[in-house]
Structure formats: C-alpha cells, structure tokens
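Letter by letter, the chains look like this.
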There are 6 protein chains.
Amino acid sequence: MRPNDRPLQATRPIKISRHYTKHAEGSVLVEFGDTKVLCNATLENSVPRFLKGQGQGWITAEYGMLPRSTNVRMQREAARGKQGGRTLEIQRLIGRSLRAMIDLTALGERTITVDCDVIQADGGTRTAAISGACVAVIDAINTLLANGDLKTNPIKGLVAAISVGIVDGTAVCDLEYVEDSAAETDMNVVMAEDGRMIEVQGTAEGEPFSHQELLQLLELAQGGIEQIFAVQRAALNDD
Amino acid sequence: MRPNDRPLQATRPIKISRHYTKHAEGSVLVEFGDTKVLCNATLENSVPRFLKGQGQGWITAEYGMLPRSTNVRMQREAARGKQGGRTLEIQRLIGRSLRAMIDLTALGERTITVDCDVIQADGGTRTAAISGACVAVIDAINTLLANGDLKTNPIKGLVAAISVGIVDGTAVCDLEYVEDSAAETDMNVVMAEDGRMIEVQGTAEGEPFSHQELLQLLELAQGGIEQIFAVQRAALNDD
Amino acid sequence: MRPNDRPLQATRPIKISRHYTKHAEGSVLVEFGDTKVLCNATLENSVPRFLKGQGQGWITAEYGMLPRSTNVRMQREAARGKQGGRTLEIQRLIGRSLRAMIDLTALGERTITVDCDVIQADGGTRTAAISGACVAVIDAINTLLANGDLKTNPIKGLVAAISVGIVDGTAVCDLEYVEDSAAETDMNVVMAEDGRMIEVQGTAEGEPFSHQELLQLLELAQGGIEQIFAVQRAALNDD
Amino acid sequence: MRPNDRPLQATRPIKISRHYTKHAEGSVLVEFGDTKVLCNATLENSVPRFLKGQGQGWITAEYGMLPRSTNVRMQREAARGKQGGRTLEIQRLIGRSLRAMIDLTALGERTITVDCDVIQADGGTRTAAISGACVAVIDAINTLLANGDLKTNPIKGLVAAISVGIVDGTAVCDLEYVEDSAAETDMNVVMAEDGRMIEVQGTAEGEPFSHQELLQLLELAQGGIEQIFAVQRAALNDD
Amino acid sequence: MRPNDRPLQATRPIKISRHYTKHAEGSVLVEFGDTKVLCNATLENSVPRFLKGQGQGWITAEYGMLPRSTNVRMQREAARGKQGGRTLEIQRLIGRSLRAMIDLTALGERTITVDCDVIQADGGTRTAAISGACVAVIDAINTLLANGDLKTNPIKGLVAAISVGIVDGTAVCDLEYVEDSAAETDMNVVMAEDGRMIEVQGTAEGEPFSHQELLQLLELAQGGIEQIFAVQRAALNDD
Amino acid sequence: MRPNDRPLQATRPIKISRHYTKHAEGSVLVEFGDTKVLCNATLENSVPRFLKGQGQGWITAEYGMLPRSTNVRMQREAARGKQGGRTLEIQRLIGRSLRAMIDLTALGERTITVDCDVIQADGGTRTAAISGACVAVIDAINTLLANGDLKTNPIKGLVAAISVGIVDGTAVCDLEYVEDSAAETDMNVVMAEDGRMIEVQGTAEGEPFSHQELLQLLELAQGGIEQIFAVQRAALNDD
C-alpha cells in the first residue's frame, strides 16, 4: 500500500505555476506533491568561452536545496565552500535534458541559465526540476520570439522527467521520500515529447534488477511522463 | 514622489505567513512589498564547540539570495565557492539581532539556526529577514514549550528591523530597490519591542549626513518598526 | 566501419594485470584497448563517521585522470583546487557498483578505498575502472581471508561494466574515443555476475533514443560484459 | 574608573607616524594607545573591471591582523584559506569611509588600495585603521599632485573614526580591549572634517540602548574625532 | 649494510622507458629501483601571461603522487582541495632544474609543461622525476626540430639529479625509502652535463652536518649522476 | 662595487629588538639593512595530533609578507584564498631550522609557533626570519624556565642563517634585493652555533655553479653567520 492509497502507476498531484517571481525571463514553481522547486530561467546575450564564435547558443542549469528544504537541515553549500557531488550530478543532468529540447543553432549566441532551487523536498526533486525548467525555458524563449529577437522558434518539443522504482518488490511511479529511501531500485527517466528517451538512469540501491523489471519501470515512467506533459501543456495554454 | 504615491513615513504592505514549509520547526515567508524572504528556523539539541558545557544556548543565522532573486542574475555563492562579504555581514547582523530577543541561558544547550533565503529581492532584504526570522524563532521555541522540553519561556520580546534613508534630500521609510540605489544615506535600524535599539547602521553612500538628519531617520524607523510589530503580533495570534 | 575493422558487438582487447604496484592490498592495471586505468585498493580497519558502530563495512572509490592521459592536456584537479563534476559523478558510480558486489555486514567495520587513476584515456575509462576495481577489491579481501581476519567471504560475485552507444545510427559495443565523441547515444551498463543490472545510464547526446534502440544497446552490453567476466575470472585464476 | 584613570571623554594617546615603510606611496603607523596599525597606500594607474572606461577612480582597503597581534593567537587567514566575516566587514567599512573623502572623478582612472595590518591589537583597530589610512591616502595623492600627474586636488577633507560605548552603564570614548569586551553597547562612528557623519554603527552586545544613550555616545564620538583630526593635521604639517 | 648489499656509492638499477603513453609529446617512465615516476611533457604554443611578448619560452612542472603510491595511503590532493607544501616545493624544484637545461629564448614563445606523477614510491621521487623529465623534454623538443618548427636546438645539455645522505653515520648514494626515513642528513643534488651544479639542497633531519660530510656527499652525488647521464644517453640513442 | 660600497664579505647592519609587541611570549623585530621581519613566538600546552602522547614537543613556523612590504604590491594571500608555493617552502624551512636548535623531548608536550611577518622586504627575508625567530623562541622558552614549568633547558644552541650568492661573477655575502634579483647563484645557509650546517640550499638562477664556487660561498656564509651569532648573543644579554 502506498501513502495516501496512491495507485502504483499514479503520480502525485502535479502543479506548475508560471510567472512565480518577477525578475526572471521564465519563472516556474513546480510541485510534485510536497516537493516544490522554483525554476528561474535567465537569458543572456552571450555564450560561454568554449562556444564563442560558433554561431550557437547554450543552455545550462544550476541546482540547490535550501538548507531546511529537507527533514534534517543540510549544511549550506555556499558556507561549506563547494557544491557536493550529488548537486553537480543533478545540475549536469538538468542541463543535458534541457539542451535536448532546443535547437541550439536556432537559439543563436545566447545562453539560458536555469536555476532550480528546492524550496521543499519530498523525493523526486531532480525530475520535478527538469519538468518545471522546461516550462521556464519556453517562457524565456517566448519573450525573445515576442520581441522579434528570434525569427525561428528553436523549441523542438517538451521534455519531462519522472522517477520510478521498485519498493518492496513492486514497481511504482513517482516515488515520494519515504518510498525513495526504501527503494531497492531507483530510476530516473527523461523523455522528449515524441516518447523517445533523453536519459535513463537506473540504480540498484540494494539488489540488482532484472531485464524484466527494467521494462516494467520504463512502462511506468512512460505513463507518468504523459501526465506531466499534460500539466505542462495546460500551464502553457493558460496565459 | 515615491513609487505608488507612498507617503514618506509609510512602509510597503507587510505580510508574514507562518508554517510556509513543512519540515522546519519555524517557517515564515515574510513580504515587504515585492521583497520576499523565506525564514526557516531549525532546532538542534547541541551548541557550537565554543559554548560547550556553559549551560547556555545559541542562535545563529545564514543568509542567501537565490541567483535570480534580483533583476540581474547574481553568481550562485555555492558555485563560486564562497560567501561574499555582504552575505557574511548580513548573516552576522541577523544572528546578533535574534540573540538580543532571547535569554540564552533559559534556552539551555540548544542551537536555533535560521536560514533566511531571499526568493525575490526589491530592497530591504536584511531587515525583512530579521522581522520574519523573529517569528520563525518564536514558533520553534513554542514547539519546545508545548512539548514540555522547556520550562521557562526564554523569549524576551519581539525584534523587528527597517531600512530608512535619504533620497533626493528627503528622509523616507522602508526603501524599495529604486530608492535604495539612489539613496544618499541608508540606515538599517533593529529595535526591541520596548523601543530600545539593538543595531543602528547608517551609511553615507554619497554626501555625509548631519546630526539632524540622523534624528529624522531614527524617528521614521521607530514608526515603521511599530507597524512591523503589529504585523508580527497579528501573525502570531493567528493559530 | 569501426576503427581496426572491429565488429559491432566486439570489445577491444581487454587485459587485467594484477599486483601491478607493490604497496596496495589490491593493485590492478586494466586495459580496454588503449585505455589504461590503475586501480589500487586500500584496506583500513575503520569506517567513515556516518557508519561508526553499525557493524558494517564500506567501499568507496576515487577517480582521477593524469593531466596528459588525454590528447589535449587537462588541468590538474589538485592544482585547480577541486574535483570537477564529471570526476565526482564517476567516482560515485564506481563506489556504488563495487558496494553491490559485497555483503557489507560480512565485511565488518572495514573500509576499502579504490583509487582509479587513468594513465591513458581512449574512451570508456569509467567502465574499465569498474571492471578493474572489482578484481582489486577481490585481491584485497583475499588477503583478509588468507590472514584469517575474515571468517566469511563477503564477495557476492563479480561486477563488470561496459559502454555501448549509437554511432552513425548503428549500435556498437565498447566505444573508443573517436566513436564516443561522435555517438548520438551513449550508455554505460554495470552488471552483476548473475546477469542482473546494477546501473544503467543512457544519455542522448544528440537525438533521443527509442525503446527499441535501448533494447539493442542492452543486448550489446550483456554480450560485452560476459567477455569482461571471462577476463576477470582468468586473471583471478592466474596466481 | 577607567584603566589608567582615563577620563570618560578622553581618547588614548594617539600617534601618527608617516613614511613608516619605504616602498608604499603612503605609509602610516597609527597608534591609539597599545593598538598599532600599519596603513600602506598603493597607487595603481588602472581601475577594477566594473569601473573601466567611466572616467573615475576607486579607493579600496584590505585589513588583516597578524596572528599574534592579539592576546591569544588567531589562526592566520591565509593558512585557513579565507578571510573571516569580521575581516571582510571591516575592510568594506574602511573602503567606504575613505571613498567619502575623495572626489573619485577628480582622481581619474586610478586605484588606491590601502592595506591596514594590525601589528598589535588593544581595541579599536578598525577606527584606528580608518584614521591612519586617511593620512596614507593623502600622502599617496600628494605624490600625484607633486609629480603633476593630477591637476586638481581630489581630497574633500579629512576622515576619522572612533569607537565609543557603554561600559557598566557609563558612556566612554575610545574603548580599549578590556572595556570593549565588557561593553553593553559598542558604537563606531566615522566622521568627515565638517562634522557630518559617514558611518554610524551601534550594536547592543547585551541590553538594547535607548535614544538618550545614542545621543550621549554621538557626543562623545564627536569630541574624540576632533582630537584625531588635530593629530592628523599635525602629522601632515610635519614634513 | 644497505638493503640488497648495495655498495655505498651505487645507485639502484635505473631504467628510462620512452614513449610510455601515446598522447604526450614526450612520455617517459623512469624507475630508480622500486620508485616509478611517469613524466609526460606537453607542448603549447603560448606562454604564461608574465612572459607575453618577451620572445622567450617557459618550462614548468607539476608533481603528484597517486594516493596509494606509498605504503600508507595518502589523501588525494584533488579531493583535499589543495596541493601540499611538499608538492609545491618539489614541482618548483623540477621546473627550475629543467629550465637550466634549455635556452628559453631559442625555444621561442612556447611552454613545455611536464607532469611528473609518482606511480610507485620508494624514496627519491623528486630526483627520479627530474632525471626522467629531462628526457621527456628532449623528446618534446625533438618533435619541434623534426617538424621544422624550431630552427635552432635550444637544448644546452642533460640534467640529472640524485639524493645522497648520511645514514647511521655513513654517507650513501641514492637512498631508498627505508634509508631515507632513517637518514640524519638528506641531500638532493641536481647537476648539468658539464658537472656543474644547478641545485644543492642539504637538510639535517637530526644532527647538523659538517663541512667534511658535505664534501663527501657531493662526491657521491657526482658519481651517481654520471650513472644517470649514461642511462639517459642510452635511452635517447635507442630510437 | 656593491651598494653603499659594502665589502664582499660584509653583512648589512643587523639589529635585533626584543619585546617588540606585548602579547607574544617571544617577540623580536629583526632587521638586516632595510629588511624588517617581525617574529612572534606563541607557546601552547599541546601538540599537533600526529605527536599526541609521544612525550615530545613541536616547533613550527608561519611566514607572510605584508602586501606592500615589497616594491610592487603583492596580492594578499588571505584574499587569494591560499598561501603560495614560495610561502609554504619558506615556512617549512624556518620550522626545520628552529627544530634543530631544540631538544623536543626536553620541551615536553608543548608547541611553539613562530609567526614571521615581513614588514619591509629588501632581500634575505627568510634568513632574517630564521635569525630573529631563534631569539623569539629562546625568549618564549625562558618564560617557561622562569616559571618553573620546565626543569631542563631544551635549547641546544643558537641557529642563524644568511644568504650568499654570485653576482656578476663575484661571490658576495648577505644579498640585498638589487643583488638578489641579479644573482646567477643564490644560496641560503642555516648553521648551528657549533659551525655545523642545518640547511644548505644553493640554486643556479642562470649559469650552473662549480664546486669551487660552492666552497667560496660556504666560506662567506660562515663568516656572515658568525656576525649574526654575535648580534643574537648581545641582544639576549641585554635584559
């Protein structure tokens, strides 16, 4: 039995609030149940040094957790003097996922930086961040299109992500924290709007997982991501 | 003329929302107009090394700005690898202000850490943080009193803070960003509930200020802080 | 056509040399073609703080590349003052993979640290590192068993890893550098000796990948890993 | 009764020695009793990046304490790998104070960096540093005027600073260490030569302070700073 | 009696293997008995900022020990976040020694960086590194001469280094680890091919050493270095 | 011709001022001509972790240059966030030299830390630091002997150091900055009171140096160090 009698294949209630803060070109608060992540997209008319003069843009992400977004307070990374391995791994994943949704050449020599800051954590912060950041990037790009600064729309489609896993021998969709910490296998799946995959990261925390279990998890992920696409589309249509 | 025709001695609309996130022992979102700061108080049953065995508690604060809480994105301090001088200065100020409201011996060997994270900045983030953190600390201490973990209430009274300044030769209360960046003199005042002062920090950004101007600013601060105390009391009564 | 006319499903020549340096309890040079990684396992009779007194052991890994292991010299991480995100991500992956092959309770309060240092890089350094480190860990544990310091063998089985990917629309096994840098999809698979998976990390560098392609890649990985298991077993039998 | 029967409103003996070291364009040893701070001003014909091309100069300060300038040895900040919050706060204060005495446009695209290093500490190091640095800056600017590199004198007037505080309920001027560590309220005041204020920083270390006490402290500060101006003028006349 | 009945004036077996890895312009594995150091020379067509536009080149070195190159595992410097004092001292010594063998003006605006990484340590790693790096630098320069990128050979001659010391009152040549850790005096000597000295660094670890002992050590060093020159020449002739 | 017609074998005027600051257990300002170094010795009743429980003491040193002790301002190491290689090398040398003058077992489980801070630099700061620190250590130990905290005097004798070098083909003693920066060979010699050597560090900056030149330099060093011993003895007798 899952918390709140949630069915195995169901996601938590997902909510995407646009224009959440006033300064960013795209600002989205994404909620997957009690997990809340603020995704702010910033536009800059320049590219990192390694891309200078190549006629293409760049999309990158940074991730952080407020120290008390978690049940036990975590040390502030700015005070510790460095970002941990988990943080770097997650922000690299978010960046790669977002780059897959954009034609970087059509974007031109611009950089979009998406800051994903976890306000409240209850499992699945990285997949919520990707799903919310997708909408923030679209809002930022829409300001360029609206201004006439971009002639061609560089957006190839939506991107969304979900965590799935095996808990007590059962495959479930969109793990919340109590499930995540008990899971034998944990898998994050990032998908493009056409149903193809951008990232699959499956990890056996305890027992290894079989080929059969992998297929089951992918199927659950596919279903969950379809629900997220629907929420993203609804949010974007709500202007 | 101030933005929105605000009278010289008026604060912006001030709002204090308690229980804003679910994990922290005290969690307050404080808003001074468009400035929004999340203040999460964490209780720990231990004290820093320099206080071990002295039979008293400690209150400390950390401060951060989300990178895009500002109009131009600021570099993430965790990525830069250190907290800047402004950040350290502000979090030291918040900590000193909060310690002034508590009898640390009555608190016992406990530490309260208040994380003040700026979600959206529009001037006065440090004074908003102090005013919000005060309520978060009280909520955290009330859990100790409710549990019977504390016999004596260590709270000596409220603490609140406001920024005042001289803009275009005129003294004004609760500066928002456009005023702050144009101010000749900027002063932050932290006050105890009995009207006495905990901190006064006046800085001439351009021209020095006279004794007369200092007195004017203190009077404006006193008026503004009374308004904050009222909002704090209303929020605390609303259970 | 692959370099050296290598068939699509073939790995490069794989070589595992044990007792490569004299100080470490387990010391393995692993070669996948021109990729050469030195894996030194160190035994310590203590555990990290977070595991103290829990009656179990720990296995962790560190990873580094010699600055000129690559075609263009990379900055030395010790000189830069921090390990990059890629390094942290890889060493976390190696550690997780190795922990999956050991019963940590049977290991007792001991730590095995495996240093994986890339002497020469030509693609697939992380999967080579896992495959070599597995043998170094076994050598280190065998010294404990030989001394009588351990009564029960904590080894659950071998672990090995391979990279597979889609290059020019074709799925290939064990990518070397020129293939890796041209791959549309890159997948690292870590497997236990019973054929179940420990990690699957698939990333679309260009186009997303389909469910069908994922299955193809997993099949190639399975075949490649069987070859590595054979090399590991031969090396371990050669005393 | 104060140490050495010092009257409440009296400063310690103040001494300013110019040309203290031979390399710096301005080099001053300032002594407030046993507090000794070496202030070296360095001239450079460039400005920090954020001021490039704006036709104005910059004045900045750095502050440090020799590890054994204090009664108990402090860790060397260079060895610790970072400057503490107190250090950053003080050097920001010194820099702001010095900028208030100079017309930065008249200075032209030049930077003056003042290094304030505490040789021996006995309370009031930051206010001594400001008072000494003022003279070092004037010496540095005078070399520019003497060379004909500057046509207009950018100096608007002297700046000086003093600490005042409430010890055992009594307001006193220029606190030495034993007073400072026992003070209920501690206030640093920085003044321009015309008697207007550049900075006022009052902090209640124990009890909050009243409006009346604030006025008393400001009066003491005014008196003390007049004495410093006299010493500065005498030192500058002594060529 | 020395380990393995080695005569007092004898070096350990010395071996220099060129072209050890495939990417570097010069790649040498140098072995002094069980001490093994990989020296990779990298050529770049630019110079550090402080030499820009001066028409001369630069040679620099970096040094590192693999964490388990030693009997007890050392912390990885990249993980610790900084290079230790011993590392910096050694890499400065290697750089100075190599610059002494090259006419930097004849080299032109190029930099050669030699990475010396200790694979296995058994005493004398810095002197082995210098002796091996000399050959790696020559190989790198020979590629420039062969390509016609350099018209004049900038090589002034070989450079080699050895450690000598006083162990149990007796002067010995080329100390291995057990001798080194018991030595009363330890001296590293770097010599040019003409027999003149580039560096002499003698340190009394226990008792100070006399003028007579210094002369004895220098004589032993001279003899040992002649043997290294012979190995270097043989290696370079073996193409 | 040397500056000020100084004879080749002469040191600059050497001055040792004891009790220079009031807090340290030993506080010496040492001057070699225009080179001025403040050496403060701190006593602590504990030892570093690696010596705990071994019944012996420790002596260590830290070295720093005030940013404008030099002709061109150097970046403050505390602001840069790390000590440079030269600094670490020098403080290691000072520490080794001082440990050679003390019977660490007789010192008991105590640490003496000597902070050597360069107030003004004109060549030879490290050798001046050693020569001054020797006296500061003796003053610190004498307070222990005077208190009866130490029964046996752990001091084995004085230690002093000088730089010698070859400038324009001529060997000279105690190089000042203009000589140092033009020297072909630079040698620092640290000697015990009995005339034996503790450290010899000779470096060819340009041309290598011959055996004959080495002998000449050692003779000059011996003569210079005798002069320093005389100044040290005079300072210590002056109570």
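Up top is the structure.
Because the structure is predicted, anything quoted here is derived from the model rather than measured.

Structural notes on the environment of D:Leu217
Along the chain, the position of D:Leu217 falls in helix H6 (residues 211-237). The spatial distance from the C-alpha of D:Leu217 to the C-alpha of D:Val189 is 9.3 Å, given a sequence separation of 28 residues.

Notes on the pairing of strand E9 (residues 197-204) of chain D
A regular strand places its side chains on the two faces of the sheet in alternate fashion. Across the eight residues of E9(D), eight count as buried, placing the element largely inside the fold. Two strands pair when backbone bridges link them, and strand E9 (residues 197-204) of chain B and E9(D) are joined in this way by five bridges, in the antiparallel orientation. Within E9(D), the position partnered with B:Gly202 by the bridge is D:Val200. Inspection of the sheet shows strand E8 (residues 185-192) of chain D paired to E9(D) by seven bridges, in the antiparallel sense. If you follow D:Val190 over to E9(D), its bridge partner there is D:Glu199.

Looking at the pairing of strand E3 (residues 35-44) of chain F
Residue and element names in this part refer to chain F. Burial analysis of E3 places eight of its 10 residues in the buried class, the great majority of the element. Note: strand E2 (residues 26-32) against E3, seven bridges, orientation antiparallel. Note on E3: the bridge partner recorded for Val-28 is Cys-39. The hairpin formed by E2 and E3 contains two residues between the paired strands, and Gly-33 there has a positive phi angle of roughly 60°. One ladder, built from nine bridges, connects E3 with strand E5 (residues 111-120); its direction is antiparallel.

Side note on the interface of chain A and chain B
Across the boundary between the two partners, chain A contributes 36 residues, which contact 36 residues of chain B. For the pairing of chain A and chain B, the buried interface totals around 2900 Å² over both sides, and the portion due to carbon and sulfur atoms is 47%. For the chain A face of the interface with chain B, the top three residues by lost area are A:His23, A:Arg68 and A:Arg76, together amounting to 26%. In this assembly, chain A and chain B are joined by 16 salt bridges. Its salt-bridge partner being A:Asp115, residue B:Arg73 comes within 2.6 Å of it at the nearest N-O pair. Connecting chain A to chain B are 25 residue pairs in polar contact (both at pLDDT 80 or more). Elements with a contribution of two residues or more to the side of chain A that touches chain B: strand E3 (35-44), strand E4 (58-65), helix H1 (77-80) and strand E5 (111-120) of chain A. Among the residues forming the side of chain A that touches chain B, the class breakdown is 12 nonpolar, 12 polar and 12 charged.

Some points on the state of the cysteines
As used in these notes, a disulfide is a covalent bond between sulfur atoms, one from each of two cysteines. Applying the stated criterion across every chain yields a total of zero disulfides over all chains. Note on A:Cys39: no disulfide assigned, nearest cysteine sulfur contributed by A:Cys116 at a separation of 4.1 Å. The buried category is assigned to A:Cys39, whose relative accessible area is 0%. With no disulfide partner, C:Cys134 has as its closest neighbouring cysteine sulfur the one in C:Cys39, 10 Å distant. When its relative accessible area of 0% is taken as the criterion, C:Cys134 is described as buried.

Considerations on the pattern of salt bridges
Following the criterion strictly, the structure yields 127 salt bridges over all chains and no others. Between F:Arg76 and D:Glu62 there is a salt bridge, with the nearest N and O atoms lying 2.9 Å from each other. Pair noted here: F:Arg76 is in the loop between strand E4 (58-65) and helix H1 (77-80) and D:Glu62 is in strand E4 (residues 58-65), and the two residues belong to different chains. Comparing F:Arg76 with D:Glu62 shows no difference in burial state: the two are buried. Here E:Arg12 and E:Asp122 are joined by a salt bridge, their closest N and O atoms 4.0 Å apart. Linking E:Arg12 in the segment before strand E1 (14-18) with E:Asp122 in the loop between strand E5 (111-120) and helix H4 (125-147), this pair joins segments that are 110 residues apart in sequence. With respect to burial, E:Arg12 and E:Asp122 carry one shared label: buried. Three or more residues joined by partner-sharing salt bridges are found here, namely A:Arg2, A:Arg6, A:Arg12, A:Asp34, A:Asp122, A:Asp174, A:Glu176, A:Glu179 and B:Lys22.

What counts, and where the lines are drawn
- Residues numbered from 1 in each chain as written.
- Chains lettered and ligands numbered in written order.
- Predicted model: local features only at pLDDT ≥ 70, side-chain atom pairs only at ≥ 80, totals over all residues.
- Heavy atoms only, no water.
- Helix = DSSP H or I, 4+ residues; strand = E, 2+ residues; numbered from the N terminus.
- Buried < 20%, exposed > 50% of the residue type's maximum accessible area, 1.4 Å probe, protein only.
- Pairing = 2+ DSSP bridges.
- Contact = heavy atoms within 4.5 Å.
- Buried area = accessible area lost by both parts, 1.4 Å probe.
- Salt bridge = Lys/Arg side-chain N within 4 Å of Asp/Glu carboxyl O.
- Polar contact = N/O pair within 3.5 Å; in protein donor to acceptor, adjacent residues only side chain to side chain.
- Nonpolar A, V, L, I, M, F, W, Y, C, P; charged D, E, K, R; others polar.
- Disulfide = S-S within 2.5 Å.

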